[in-house]
Every structure is written in C-alpha cells, then in structure tokens.
Amino acid sequence: MSLRSPLGVVLGRGSAGEGVAHWWAQRLGALALVPLSVWFLVALVRLPLADYAAVTIWIASGWNLVWLVLLLGMMCWHSRLGIQVVIEDYVHSPALKQAALLLNSAAHAVLVAAGAYALLRIALRGVP
Amino acid sequence: MHERPLSPHLSIYRFMYTMALSILHRITGVWMAFGLCALVYWLMSAAAGEAQYGRATVLLGSAPARIVLLLWLAAFCYHFANGLRHLAWDAGLGLERRAARLSGRIVLALALLAFLGTAYLLFCPRAGFA
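Residues numbered from 1 in each chain as written. Chains lettered and ligands numbered in written order. Predicted model: local features only at pLDDT ≥ 70, side-chain atom pairs only at ≥ 80, totals over all residues. Heavy atoms only, no water.

## Here's the deal with the interface of chain A and chain B
Opposite the 50 residues of chain A that make contact, chain B presents 40 residues. Roughly 3800 Å² of surface becomes buried between chain A and chain B when both sides are summed, with 72% attributable to carbon and sulfur atoms. Taken as a group, Val45(A), Leu49(A) and Tyr52(A) account for 16% of the area that chain A buries against chain B, more than any other trio of residues on that side. At the boundary of chain A and chain B, one finds 2 salt bridges. Across the pair Arg27(A) and Asp90(B) runs a salt bridge whose closest N-O atoms are separated by 2.7 Å. Counting across the interface, chain A meets chain B through 6 residue pairs in polar contact (both at pLDDT 80 or more). Among the elements that make up the side of chain A that touches chain B, the one with the highest residue count is helix α2 (residues 19-46) of chain A (14 residues). (Contact = heavy atoms within 4.5 Å. Buried area = accessible area lost by both parts, 1.4 Å probe. Salt bridge = Lys/Arg side-chain N within 4 Å of Asp/Glu carboxyl O. Polar contact = N/O pair within 3.5 Å; in protein donor to acceptor, adjacent residues only side chain to side chain. Helix = DSSP H or I, 4+ residues; strand = E, 2+ residues; numbered from the N terminus.)

This is the structure we're talking about:
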C-alpha cells in the first residue's frame, strides 16, 4: 500500500525531506526541558526573589549555572522550533514567511546570547 | 524553498474539546515565547547590579506584571502537562480515542492543580516579588 496521495503521485514532488530532523529536535528539547523546567520552578518557589544577594549567590553556586545555561539554551531552541511551525502554518505569502522565519531565528539567537551573557557575568563576578 | 509539511487546520472538523486542548497547547507555547523576553530581562537586571535588580523587582512585582507572570505560570503548567501527553503519543502510547480523551481531562486537572499550588507558593505566603 502506498501512503502517497494521488495528487502527490501526479505532482511527483515527494516529501520535503527534512521534516523528521525538525520533529526529532523539538522532542529532544522537550525531553530535556521536563527535568530542567521542574528544577527551575522549584528553585523559584524556594528563592527569596527580591533579595539580590541571595539570587545571585544561588545562580553562581555549584551546578546551578550549568543547569541554568542548559535550561536557557533548551528553552530558546524548543521555542524557536515551535514558533517556526506556527509561522509555516499561518503565514502563506512566501516573502512574509521568509522574513518571519528569519526574525524568529534572530530573536531567539539574541535571547539565548543575552541570557547566557547575563548568567556568566553574574557567576564570574565572584561570590560576594 | 522547501515545502515543509503543515499541521491540519481545524476549521474543517466538527468541534471536540480535544481540539480546544490542541490549539491551547499552541497558544500557551507562543505566549511563553514572549515570556523568554521577561526571563532574560530579569537575568540582565541581576547581571547589571543591585540597583538595577531592585528596579526590575519593583517592576516585576507590580500588580499588572503579576497578572502577566501568573498567565505565564498557567501557560507553563498546561504546556508541560500536555507536552507529556504529546511525548506519550510520540512513543505510540494512548492514541486510542477513549485514552486520548481521558488523558486530556487528566492533563487539565493536573495543570490546574500545579498552577494553583505554584501560584500560591510564589505569590501568597511571603509576597514573592515585592
């Protein structure tokens, strides 16, 4: 049995050939975010968030920085892939679609870079 | 340009509450993407020093900001619970109609419980931000 539609057979264009990598990348991000996001939410609940010293010391201590950088990276990765699919579904004009996809990638790149910079700056300042 | 596959548009189907859950997953995901900006703003403020962090804390602790933060928290709780449901589907589990409808109700209940619990812990006893 062929899974290709009659129209697909006639047009002979086959699949786009790149869906699986995107799909898999989004699931990997989701899997990583399951423990990371729960860890972060528990930390947020336990931290006195208005206390600058407590928050920055927490960011800089032990493995927290590692998990925070990973969390930030995975969130931006998963978010970029998700927004990409939304753009592809709803923006139909090719020029507008390409512009939106480019903006999506750029915005997430800036977010992950700025977040990582902030985290490293807090951690490398030295615990007061 | 490659033609990438599109998700099925919902307007051609009879409405089911599972469809509402599906579109809610997408809406909460897009909404949380904007939350990334707030998270990075918070981190950048902490990196800028104590004075700037104090200003950010006042801003994020204001009443309108609290409502937005609560909406991000709610979106996270739903997207997380429903995301687990999606991962189970991707593993081939729970795809039968009855199972999918039941898991939808379980996801809603879990998300609501998680939201109420974390919202209470974050905002009530020691006023979280302020």
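## Regarding the packing of α2(A) against helix α3 (residues 63-90) of chain B
Remark: α2(A) packs on α3(B), axes separated minimally by 11 Å, with the N-to-C direction vectors making an angle of 135°. Taken together, the axes of α2(A) and α3(B) lie oblique to each other. Where α2(A) crosses over α3(B), the two elements pack in a sense that is left-handed. Only Leu73(B), Phe76(B), Phe80(B), Leu84(B), Leu87(B) and Asp90(B) of α3(B) make contact with α2(A), whose side of the interface consists of Trp23(A), Arg27(A), Ala30(A), Leu31(A), Leu33(A), Val34(A), Ser37(A), Val38(A) and Leu41(A). Partitioning the contact of α2(A) with α3(B) into residue classes produces 12 nonpolar, 1 polar and 2 charged. (Axes fitted to C-alpha atoms, helices over the stretch in contact; angles between N-to-C directions. Parallel < 35°, antiparallel > 145°, perpendicular 65-115°, else oblique. Left-handed = near helix turned anticlockwise from the far one by under 90°. Nonpolar A, V, L, I, M, F, W, Y, C, P; charged D, E, K, R; others polar.)

## Here we look at a nonpolar patch on the surface
Judged by side-chain polarity, Val20(A), Trp23(A), Trp24(A), Leu28(A) and Leu31(A) come together as a nonpolar surface patch covering roughly 530 Å² of accessible area. Tracing the backbone shows Trp23(A) in helix α2. (Patch = residues over 30% accessible without salt bridge, like charges linked within 9 Å, V, L, I, M, F, W, Y side chains within 5 Å. Areas by Shrake-Rupley, 256 points an atom, 1.4 Å probe, with all protein chains shown as cover.)

## Examining the pattern of salt bridges
Scanning all chains against the criterion turns up 2 salt bridges over all chains. One salt bridge connects Arg26(B) with Asp89(A), and the closest N-O pair in it is separated by 2.9 Å. Note that Arg26(B) is positioned in helix α1 (residues 17-48) and Asp89(A) in helix α4 (residues 64-90), a pairing that runs across two chains. Relative accessible area serves as the criterion here: at 2%, Asp89(A) is assigned to the buried category. (Buried < 20%, exposed > 50% of the residue type's maximum accessible area, 1.4 Å probe, protein only.)

## Considerations on the nonpolar core
Within soluble globular proteins, side chains that are nonpolar tend to cluster in buried spots. In terms of nonpolar packing, the biggest core is built from 43 residues, with Phe40(A), Ile59(A), Leu119(A), Trp42(B), Leu43(B) and Leu122(B) touching the most fellow members. When contributions to this core are tallied by element, the ones reaching two or more residues are α2, α3 (52-60), α4 and α5 (94-124) of chain A together with α1, α2 (50-61), α3 and α4 (97-123) of chain B. Of all the elements, α1(B) adds the most residues to this core, at 9 residues. (Core = buried A, V, L, I, M, F, W, Y, C linked by side-chain atoms within 4.5 Å.)

## Focus: the packing of α3(B) against α4(B)
All names here are of chain B. At a minimum axis distance of 9 Å, the contact between α3 and α4 shows a crossing angle of 145°. Seen from above, α3 lies across α4 with right-handed handedness. Each of Arg66, Leu69, Leu70, Leu73, Ala74, Cys77, Tyr78, Ala81, Asn82, Arg85 and Trp89 in α3 lies in contact with α4, whose residues at this interface are Ala100, Ser103, Gly104, Val107, Leu108, Ala111, Ala114, Phe115, Thr118, Ala119, Leu122 and Phe123.

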